[in-house]
Amino acid sequence: MSLHDLRPLFERLARAFEEKRDELIALDGKVGDSDLGITMAKGFSAARDAVVALGEAGPSAQAKQAGAAIAKAAPSTMGTLMATGFLRGSKAIEMAQDVGTAELAAFFAAFRDGIAQRGRAKLGDKTVLDVLHPIAETLEAEAAEGTAPEPALARAVEAARDGLEKTKDLVAQHGKAAAFQEKSRGLPDAGGTAAVILAEAFHAVFAEAG
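Residues numbered from 1 in each chain as written. Predicted model: local features only at pLDDT ≥ 70, side-chain atom pairs only at ≥ 80, totals over all residues. Heavy atoms only, no water.

Chemist: Which residues make up empty space enclosed by the protein, and what values go with them?
Modeler: A complete count under the given rule lists one cavity of 30 Å³ or more for this structure. Approximately 70 Å³ is the volume found for the largest cavity. As for the largest cavity, its lining consists of L6, L9, F10, A63, F86, I93, V99, E103, L104, F107 and F202. When contributions to the lining of the largest cavity are tallied by element, the ones reaching two or more residues are α1 (7-19) and α6 (101-119). Here the lining of the largest cavity takes three residues from α6, the largest share from any one element. Grouping the amino acids of the lining of the largest cavity by side-chain chemistry returns 10 nonpolar, no polar and one charged. (1 Å grid on protein atoms, 1.4 Å probe; cavity = no way out; pocket = protein on both sides within 12 Å on 5 of 7 lines; lining within 4 Å. Points joined across faces, edges and corners; volume = space filled by probe spheres on them. Helix = DSSP H or I, 4+ residues; strand = E, 2+ residues; numbered from the N terminus. Nonpolar A, V, L, I, M, F, W, Y, C, P; charged D, E, K, R; others polar.)

Chemist: Residues and numbers for the packing of α1 against helix α9 (residues 190-209), please.
Modeler: Viewed as axis vectors pointing N to C, α1 and α9 meet at an angle of 135°, and their least axial separation amounts to 9 Å. In this view, α1 runs oblique relative to α9, as classed from their interaxial angle. The way α1 lies across α9 gives a crossing that is right-handed. Each of P8, L9, R12, L13, A16 and F17 in α1 lies in contact with α9, whose residues at this interface are A194, I197, L198, A201, F202, A204, V205 and E208. Residues that form the contact of α1 with α9 fall into these classes: 12 nonpolar, no polar and two charged. (Axes fitted to C-alpha atoms, helices over the stretch in contact; angles between N-to-C directions. Parallel < 35°, antiparallel > 145°, perpendicular 65-115°, else oblique. Left-handed = near helix turned anticlockwise from the far one by under 90°. Contact = heavy atoms within 4.5 Å.)

Chemist: Could you give an account of the nonpolar core, with specific residues and numbers?
Modeler: With 54 residues, the main nonpolar core has F44 and F86 as its most contacted residues. Per element, the largest residue contribution to this core is 11 residues, and it comes from α9. Residues contacting F44, with those up to four places away along its chain left out, are F10, L13, A14, F17, I70, M82, F86 and L198. (Core = buried A, V, L, I, M, F, W, Y, C linked by side-chain atoms within 4.5 Å. Buried < 20%, exposed > 50% of the residue type's maximum accessible area, 1.4 Å probe, protein only.)

Chemist: Account for the side chain of D189, naming residues and giving values.
Modeler: Assignment of secondary structure puts D189 in the loop between α8 (149-167) and α9. We note that D189 is buried and unpaired, the nearest opposite charge coming from K126 at a distance of 6.4 Å. Reaching out from D189, the side chain makes a polar contact with the backbone nitrogen of V128 at a distance of 3.3 Å. Here D189 is in contact with L27, K126, T127, V128, L164 and T167, once residues within four sequence places are set aside. (Lys, Arg positive; Asp, Glu negative; His and termini not counted. Salt bridge = Lys/Arg side-chain N within 4 Å of Asp/Glu carboxyl O. Polar contact = N/O pair within 3.5 Å; in protein donor to acceptor, adjacent residues only side chain to side chain.)

Chemist: How would you summarise unusual backbone geometry if you had to cite specific residues and measurements?
Modeler: For R120, which is not glycine, the phi dihedral falls at a positive 50°. Judged by relative accessible area, which is 73%, R120 ranks as exposed. Positive phi, normally seen in glycine, also occurs at K126, with a value near 60°. Take K126: it is sitting in the loop between α6 and α7 (129-145).

Chemist: Lay out a positive patch on the surface with the relevant residues and their values.
Modeler: Taken together, the side chains of K64, R88, K91 and R118 define a basic patch exposed on the protein surface. Given a relative accessible area of 53%, K64 falls into the exposed group. (Patch = residues over 30% accessible without salt bridge, like charges linked within 9 Å, V, L, I, M, F, W, Y side chains within 5 Å. Areas by Shrake-Rupley, 256 points an atom, 1.4 Å probe, with all protein chains shown as cover. Charge placed at Lys NZ, Arg CZ, Asp CG, Glu CD.)

Chemist: So, helix α4 (residues 59-73): which residues are in play, and what are the values?
Modeler: Residues spaced three or four apart along an α-helix face the same direction, because each turn holds 3.6 residues. Between its terminal C-alpha atoms α4 stretches 21 Å, which fits the 21 Å expected from 15 residues at 1.5 Å a residue. Residues P59, S60, Q62, A63, A66, G67, A69 and I70 constitute the buried set of α4. Considering only its buried residues, α4 is in contact with α1, α3 (36-54), α5 (77-92) and α6. (Expected span 1.5 Å × (residues − 1).)

Chemist: Got a sec to walk through the environment of T193? Specific residues and values, please.
Modeler: Within the fold, T193 resides in helix α9. A C-alpha to C-alpha distance of 8.9 Å links T193 and A160, two positions 33 residues apart in sequence. Each residue touching T193, except ones within four places of it in the same chain, is listed here: L24, L27, L164 and P188.

So this is what it looks like as structure tokens:
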């Protein structure tokens, strides 16, 4: 089932990141500066409020509004990357009245590419990109097969979790975590963990809608 109104998605994301706030703070604190949980909770709370205030609007406008709200409320590194992802993703579905598997694939591909460009990261650098890439690839493959959104997102979540697990073998190349180098090995990437939460929220909303 496709979705026209993404307000339930942003309500779910705000709730999920508030619930995972302390978990993300603890994980980020091992090799980072401990602000990831605060950034994600604050950013997506603002995104939810902005999208609700927007009222009736298409999915592209809602995603764009969310991105702008995240950028304003959470101007940290990850906040800026998430904002960029939603703004780029909104452009990829600009003509869409509803969001189905094809639109999800386009959205996440643009989301991934925007973050890669803004963060100057590449696969294997142990960043959020190592989880976003398998999400986007999976959705593109499922869209080509004509898979419905809910099962397509379920497979994307599996791919995201697998991608996150693989980050444990990598060494951080960006941000404060890069200063720890080998200490980061064995730990899942904190940004990648946030990307899994993102994918899980998308799947939950489409599963409830269906």
